[in-house]
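# Results of the structural survey
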Amino acid sequence: MASVLEKTIRGVVTAGVTGLARLNRKRLGADNAFMRGIHTPMGEELTIENLSVTGTIPTELDGRYVRIGPNPHHADGKGHHWFVGDGMVHGVRLKGGKAEWYRNRYIRSNAIEAKAGLPAAGGPRRGMSDTVNTNVIQFAGQTLALVEAGSYPAILSDELETVAYSNFGGGLAGSFTAHPHHDPVTGEWHAICYDAGNPQQVTHVALDRQGRVLRELPIAVRNGPSIHDCALTANFVIILDLPVTFSMKALIGGHQFPYRWNRDHRARVGLLRRDGDASDVTWHDVDPCYVFHVANSFEDEAGRVIVDACAYETMFDGEMAGPFGASLGLERWTIDPAGGPVQRIVLDASPQEFPRPDERMFGKPNRFVWSVALPDTGAEEFLAVAPLIRHDLETGAKITRSLGEHAVPGEFVFVPCSPEAAEGDGWLIGYVIDRAGQTTDLAILDAETMADVARVHIPHVVPPGFHGNWMPTA
């Protein structure tokens, strides 16, 4: 439990606290694994047209693959954390079987204007930070770049320029999230949002298919939990209140990502009825662990909530510049709304991250999940040379696919070959770094066999980022 002193400091983060953090940051080392090697930031924005291709790009793929991540080109490394670098999007435009262009563009924040002189985009801001660097989605006819716990989203043009920041037409008062989930049945989007400035509360935000905020429902919590993702079923929004919480000690110590493993924080999962009040949330204890990403969630025939997710034994347990913790693999959690603790079983114990389903199945029972393998013992850079994984949850079958001797893959997304295609009938798309050649491919794979369909060649390393999506032409 947080001490009285820490609670007091949290409530009033004064200029003196900020100054002490800056002073202590100067004492930290500047060498940072997330600013060198494959994470070396790009120094300029590029437009490369008519990229070379190996294989044949399916003509059905008319749109853009866009991924976002940090690009701390203007940081000195002291106190830096992978999660806080200036946002940069990287996109490839596919049309008519060709790769028309690759572009990388900074999110035009006030922060990047101050550092690099790039004119900031207009639009509303909230709080001190407007860095956006974690996810890119297609939402209500717009391309939105997202971050959790702070800034409003940023609207991007088709060419990846920042148009403006958005609070959804004035409907959003508080923070948003990097992982809103879309209900393919109702068209609604749901999110659980947190804010370091308000550690005693998280918020359920619901939006309709036109991008209008339906509600911001405050929910009481303790210690300021870092809730990166949530889950969604036909009747419930799932809140992952796990033991990574705000750390005043880390903040004062100069670390730019002030969240740490908290052994005193009760690990629990909340079930909020989608139309319910905060008083309706049922809380269910779970053995201490952490989850960044949910693969899918749904309700079984008995009305129990099922969540498939990649879990870790601990996360941020000490001072580190990125995520580091023992992966427990892909798990299935079962929660009974009537009460009782979360029941956990292991679907695949091999270390893995970035699980993605066929998004048309989100909130419903699904068969397939694709993920990225992680090194068995952890890696300084988090990602390493590792295969992709395809899980058949119906049969238990697992396919692994190495992408090359020096290949470092990021998150891959599933794209159906048509709107009416069966689950899993389509392609996987994602970036793959070639460590030896210092280049990157946009790889297009057959989602069933994991075999290559096409590779779009980018003549430089696209630094590992976080999340992206396929955005078909409207």
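Our structure is the block above this text.
Residues numbered from 1 in each chain as written. Predicted model: local features only at pLDDT ≥ 70, side-chain atom pairs only at ≥ 80, totals over all residues. Heavy atoms only, no water.

Helix and strand counts for the protein chain stand at 4 helices and 33 strands. Taking 23 Å as the expected radius of gyration for a compact globule of 474 residues, we find that the protein chain reaches 21 Å, a close match to that expectation. In terms of principal-axis extent, the alpha carbons of the protein chain reach across some 60 × 55 × 45 Å. Burial status across the protein chain gives 57% buried among its 474 residues. Intrachain contacts of the protein chain at a sequence separation of at least 6 include 61% that bridge at least 24 residues. Counting every atom, the protein chain has about 18,400 Å² of accessible surface; 51% of that belongs to carbon and sulfur. (Helix = DSSP H or I, 4+ residues; strand = E, 2+ residues; numbered from the N terminus. Rg over C-alpha atoms; globule rule 2.2 N^0.38 Å. Buried < 20%, exposed > 50% of the residue type's maximum accessible area, 1.4 Å probe, protein only. Contact = heavy atoms within 4.5 Å. Areas by Shrake-Rupley, 256 points an atom, 1.4 Å probe, with all protein chains shown as cover.)

This paragraph deals with the sheet that holds strand β8 (residues 154-156). A sheet is described by the order of its strands in space; here 4 strands give the open sequence β6-β7-β8-β9, paired in antiparallel fashion. In this open sheet, the two edge strands, each paired with only one partner strand, are β6 (135-139) and β9 (162-165). Ignoring which end each strand starts from, the neighbouring axes of this sheet average 30° apart. (Pairing = 2+ DSSP bridges. Axes fitted to C-alpha atoms, helices over the stretch in contact; angles between N-to-C directions.)

As a further point, take the sheet that holds strand β1 (residues 47-49). Working definition: the strands of a sheet are paired by backbone hydrogen bonds and lie parallel or antiparallel to each other. One open sheet holds the 5 strands; their spatial order is β1-β5-β4-β3-β33, and the pairing between them is antiparallel. Each of the sheet's edge strands pairs with one partner strand only, and the pair in question is β1 and β33 (468-472). Strand-to-strand, the axes of this sheet are offset by a mean angle of 15°, without reference to chain direction. Sheet topology places strand β3 (residues 63-70) next to strand β4 (residues 87-95); 8 bridges connect them, and they run antiparallel. Bridging across to β4, Val66 finds its partner in Gly91.

Moving on, we get to the nonpolar core. In this structure, Val307 and Trp333 are the most contacted members of the largest nonpolar core, which totals 73 residues. Contacts of Trp333, omitting those with residues within four sequence positions, involve Leu240, Leu242, Val269, Val286, Cys289, Val291, Val305, Ile306, Val307, Val342, Gln343 and Arg344. Counting residues in each nonpolar core, the second largest holds 24 residues, with Met88, Tyr106, Ile429 and Val462 among its members. (Core = buried A, V, L, I, M, F, W, Y, C linked by side-chain atoms within 4.5 Å.)

Turning our eyes to something else, we now look at the packing of aromatic side chains. Using the criterion set out here, one finds 21 aromatic pairs in the structure. Between Phe83 and Phe292, the aromatic rings sit 6.0 Å apart at their centres with planes inclined by 80°, giving edge-to-face as the arrangement. Remark: Phe292 occurs in strand β20 (residues 290-299) and Phe83 occurs in the loop between β3 and β4; sequence separation between them is 209 residues. Between the aromatic rings of Tyr194 and Tyr259, the centroid separation amounts to 5.9 Å while the plane-to-plane angle is 85°, which identifies the pairing as edge-to-face. In this pair, Tyr194 is assigned in the loop between β11 (189-193) and β12 (201-207) and Tyr259 in strand β17 (residues 259-261), connecting sequence segments 65 residues apart. Neither Tyr194 nor Tyr259 differs from the other in exposure class; each is buried. If you follow Arg103 out to its NZ or CZ, it ends over the ring of Trp101, 4.4 Å from the centre. (Phe/Tyr/Trp six-rings, centres within 6.5 Å; stacked < 30°, edge-to-face > 60°. Lys NZ or Arg CZ within 6 Å of the ring centre and 35° of its normal.)

Here the focus is the pattern of salt bridges. According to the stated counting rule, one finds 28 salt bridges in the structure shown. Of the charged contacts, one joins Asp208 and Arg212 as a salt bridge, the two residues approaching to 2.7 Å between their closest N and O atoms. Accessibility expressed as a relative area gives 10% for Asp208, which makes it buried. (Salt bridge = Lys/Arg side-chain N within 4 Å of Asp/Glu carboxyl O.)

Looking now at unusual backbone geometry. Phi at Asn50 takes a positive value of approximately 50°, unusual for a residue other than glycine. Mapping Asn50 onto the fold places it in the loop between β1 and β2 (53-55). By relative accessible area, which is 62% here, Asn50 ends up exposed. Here Phe168, not a glycine, exhibits a phi torsion of approximately 55°, which is positive. Position of Phe168 among the secondary structure elements: in the loop between β9 and β10 (181-182).

Tracing the backbone through its elements, the reader meets Ala422 in the loop between β29 (413-416) and β30 (426-434). Taking the relative accessible area as the measure of exposure, Ala422 reaches 52% and is therefore exposed. In the structure, Ala422 is positioned 64 residues away from Asp358 in sequence and 9.8 Å away in space, judged by C-alpha atoms. Once you skip the residues sitting within four places of it in the chain, Ala422 turns out to touch Asp358 and Arg360.

Now for the side chain of Ser247. Tracing the sequence through the fold places Ser247 in the loop between β16 (244-246) and α4 (248-252). Here Ala250 takes part through its backbone nitrogen, which lies 3.0 Å from a polar atom of the side chain of Ser247. (Polar contact = N/O pair within 3.5 Å; in protein donor to acceptor, adjacent residues only side chain to side chain.)

As a volume, the second largest pocket reaches approximately 1,100 Å³. Taken together, 42 residues make up the lining of the second largest pocket; nearest its centre are His182, Trp189, Glu359, Asn469 and Trp470. Going through the elements one at a time, β6, β10, β20, β24 (352-357), β29 and β33 are the ones with two or more residues in the lining of the second largest pocket. For the lining of the second largest pocket, the per-class residue count stands at 22 nonpolar, 11 polar and 9 charged. (1 Å grid on protein atoms, 1.4 Å probe; cavity = no way out; pocket = protein on both sides within 12 Å on 5 of 7 lines; lining within 4 Å. Points joined across faces, edges and corners; volume = space filled by probe spheres on them. Nonpolar A, V, L, I, M, F, W, Y, C, P; charged D, E, K, R; others polar.)

Geometry only, nothing functional implied.
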